Amino acid sequence: MTGFISTLVEAWQELRINKVRILLALLGVALSVAALTSVVGVGSLAREGMKVQSERNGGRVATLSLNVQGPTMPDPVKLEKAYQGIQQRYGITTSTHVSQTQTGFQFPRGVTTVNVTIVDVGYGVIHRVPLQQGSWFAADDGKRLAPAVVVSESFYNQAGRPNLTTHPTVSIPGDQPATAVIIGVVPDSYPDSPPSAFILAEGAAMTGIKPQMSEFKIWVGEAQAGALTAAITADLQGQFPDYYAHANRMDYAAWGDPLAPVQMVVGGVAGLVLLLGAVGMLNISMVTVRYRVREIGIRRSFGATSGRIFVGVMMESVVATAVAGLAGVMLAVAVVKHPWIESKVAPGLTEYPAFPIEAALMGFGAAVLVGALAGAIPALVAVRVKVIDAIRF
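Before going into details, it helps to say that this report is about the structure given with it. (Residues numbered from 1 in each chain as written. Predicted model: local features only at pLDDT ≥ 70, side-chain atom pairs only at ≥ 80, totals over all residues. Heavy atoms only, no water.)

**Observations concerning the overall build of the protein chain**
- Along the backbone of the protein chain there are 13 helices and ten strands.
- Residues classed as buried in the protein chain amount to 45% of the 393 residues present.
- When the accessible area of the protein chain is evaluated, it comes to approximately 20600 Å², of which 63% is carbon and sulfur surface. (Helix = DSSP H or I, 4+ residues; strand = E, 2+ residues; numbered from the N terminus. Buried < 20%, exposed > 50% of the residue type's maximum accessible area, 1.4 Å probe, protein only. Areas by Shrake-Rupley, 256 points an atom, 1.4 Å probe, with all protein chains shown as cover.)

Here's what the structure looks like:
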């Protein structure tokens, strides 16, 4: 370790002596590393935001939607039995029915038509439902005498923003009038969106809310998605031979990563900028070696080996770009983790992930690699310096 540490100390001292010459080149390397690291960091943040938003719409990776279609509606009892049997045979633990409909709710200003989604408890897990207040449905909420509802922010505002700790209720008029209990509030899908609500299938049956369209979703995980899609499709088709039965993936990952091409292009541009910084560093290192012929020759006369000269000269470039790379990574972290940047890149997130360690390691590693490549050629030139050259210079 003594030789290695002494080489680092020597390289640092040479950098201090020649800092004016290499400052601009190191500034280019630092900015290039910052750009490269920021691209990876912003891409990771944007991917996480897109993943969360996509999972709220289409379900987690990997979510399958089961459908049985035909000239007539299949027997609902037989269909439900088939769905439950599939869950048992394939060991699926998270599932939900999803039905869309509309019904009226009594607000202080009158009855308003509300978009209602009839779900099971597993819907909250599959779609990563975010909650602003209260809680999602529990397993025993289906046994309530007064059905529970989870409402949107728009619904909550029209209901007068009651305190959820007081178990506020809202009336559902119609053929089977009922009173529902608001247990949670979710954010609106978009600004000025109409009021909407979630209700369990048991609560919908109690209030007479009938679905207009329905599907059954299961969460199987990405590793098993391909095999289970084919197996479940064949299973359903066998039970309903006169219908078209199929299982399809609904999550965003079924179509690949949409951000990968853009991130590769921007990363490639940052890599070219980093290469230009390396060329500038190479030119300055070559000039510096030419000015140090006398010093290198004298060191050779005192017994310095070729290996020692090679490592010493190359380490000057490596240490310089490592320092520049560290500064670039710190700049990238400061930019990517800025609250304004996070809110613009991933507006759908409520909790932002930590800066990806792989982005920091990539940026720092690229800087060290550039330093090694930019220092190798000057080091080879320095090794060829002979003792007699010291007398000439």
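**Quick word on unusual backbone geometry**
- The linkage connecting valine 61 with the following residue, alanine 62, adopts the cis geometry, with an omega of -5 degrees.
- Residue placement: alanine 62 occurs in strand E1 (residues 62-69).
- Positive phi, normally seen in glycine, also occurs at aspartate 192, with a value near 60 degrees.
- Following the sequence through the fold, aspartate 192 ends up in the loop between strand E7 (178-186) and strand E8 (196-200).
- Overall, aspartate 192 belongs to the exposed group, its relative accessible area being 78%.

**Quick word on the packing of aromatic side chains**
- Going through the model one piece at a time under the given rule, you end up with eight aromatic pairs.
- With centroids separated by 5.4 Å and ring planes inclined at 70 degrees, the aromatic side chains of tryptophan 136 and phenylalanine 198 adopt a geometry described as edge-to-face. Here tryptophan 136, found in the loop between strand E4 (133-134) and strand E5 (148-152), pairs with phenylalanine 198, found in strand E8; they are 62 residues apart in sequence, far enough to count as distant.
- If you follow arginine 60 out to its NZ or CZ, it ends over the ring of tryptophan 219, 5.3 Å from the centre. (Phe/Tyr/Trp six-rings, centres within 6.5 Å; stacked < 30°, edge-to-face > 60°. Lys NZ or Arg CZ within 6 Å of the ring centre and 35° of its normal.)

**Structural notes on the side chain of threonine 117**
- Position of threonine 117 relative to the elements: it lies in strand E3 (residues 110-119).
- Within the structure, the side chain of threonine 117 is placed 3.2 Å from the side chain of glutamine 100, a separation counted as a polar contact. (Polar contact = N/O pair within 3.5 Å; in protein donor to acceptor, adjacent residues only side chain to side chain.)

**Some words on a nonpolar patch on the surface**
- A cluster of nonpolar side chains, Leu27, Leu31, Leu331 and Val335, forms an exposed patch at the surface whose accessible area comes to about 330 Å².
- The set of elements that each furnish at least two residues to the nonpolar patch consists of helix H2 (19-58) and helix H10 (306-336).
- Relative to the helices and strands, leucine 331 is located in helix H10. (Patch = residues over 30% accessible without salt bridge, like charges linked within 9 Å, V, L, I, M, F, W, Y side chains within 5 Å. Salt bridge = Lys/Arg side-chain N within 4 Å of Asp/Glu carboxyl O.)

**Remarks on the pairing of E5**
- Counting buried residues along E5, five of its five residues qualify, which places the element largely inside the surrounding structure.
- As paired elements, E5 and E7 share five bridges and run parallel to each other. Bridging from a neighbouring strand, valine 150 pairs with glycine 184 of E7.
- As judged from the three bridges shared by E5 and E8, these two strands associate in the antiparallel manner. The partner of valine 150 across the bridge, within E8, is phenylalanine 198. (Pairing = 2+ DSSP bridges.)

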